[in-house]
Amino acid sequence: MERQSFSNVWDALENTPAEAANMSMRSALLIAIEQKVRNWNVTQKDAAARLGITQPRLNDLLRGRIANFSLDALVELAGKVGLSVRLDIADAA
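Since the model is a prediction, treat every value here as computed from it, not as a measurement.

## Notes on unusual backbone geometry
Even without glycine at this site, Asn-41 takes up a positive phi of about 55 degrees. Note on placement: Asn-41 falls in the loop between helix H2 (17-39) and helix H3 (44-51). Assessed through its relative accessible area of 69%, Asn-41 is described here as exposed.

Next comes the structure, spelled out in structure tokens:
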């Protein structure tokens, strides 16, 4: 069996480069948002209210349930926690 090497875990797990790129962006955003929210040191109820989402939805975010969040939803949440999201576009290798 030939050994394969991937630049990130999503390249190995997803079926297409586009899906891998989407998941890579989603995971980076989810982690950054989760860290900001945890640094607030408030209850989940208060954090959910600040984000304009339900407490169960916040719990999904804090537990890293990435499948429950679209890229659009994460970009919106990033703005609510004070993050600026930037997209770099380059030619494929």
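The rest of the description comes next.
## Some details on the packing of aromatic side chains
Tallied over the full model, the rule gives 0 aromatic pairs. Against the face of Trp-40 rests Arg-50, its NZ or CZ located 3.8 Å from the ring centre.

## Description of H2
The end-to-end C-alpha separation of H2 is 33 Å, in line with the 33 Å expected for 23 residues at 1.5 Å each. The set of residues buried in H2 consists of Ala-20, Met-23, Arg-26, Ser-27, Leu-29, Leu-30, Ile-33, Glu-34 and Val-37. Just past H2, the residue Asn-41 takes up positive phi, approximately 55 degrees.

## Quick notes on helix H5 (residues 71-80)
Taken together, the buried positions of H5 are Leu-74, Leu-77 and Ala-78. Taken around the axis of H5, the buried residues stretch over an arc of 105 degrees, which confines them to a single face. The exposed residues of H5 that point more than 90 degrees off its buried face are Asp-72 and Glu-76. Tucked into the core, H5 has its buried residues touching H2, H3 and helix H4 (55-62). Gly-82 sits one or two positions beyond H5 and adopts a positive phi of about 95 degrees.

What counts, and at which threshold
- Residues numbered from 1 in each chain as written.
- Predicted model: local features only at pLDDT ≥ 70, side-chain atom pairs only at ≥ 80, totals over all residues.
- Heavy atoms only, no water.
- Helix = DSSP H or I, 4+ residues; strand = E, 2+ residues; numbered from the N terminus.
- Buried < 20%, exposed > 50% of the residue type's maximum accessible area, 1.4 Å probe, protein only.
- Phe/Tyr/Trp six-rings, centres within 6.5 Å; stacked < 30°, edge-to-face > 60°.
- Lys NZ or Arg CZ within 6 Å of the ring centre and 35° of its normal.
- Expected span 1.5 Å × (residues − 1).
- Arc of directions from axis to C-beta.
- Contact = heavy atoms within 4.5 Å.

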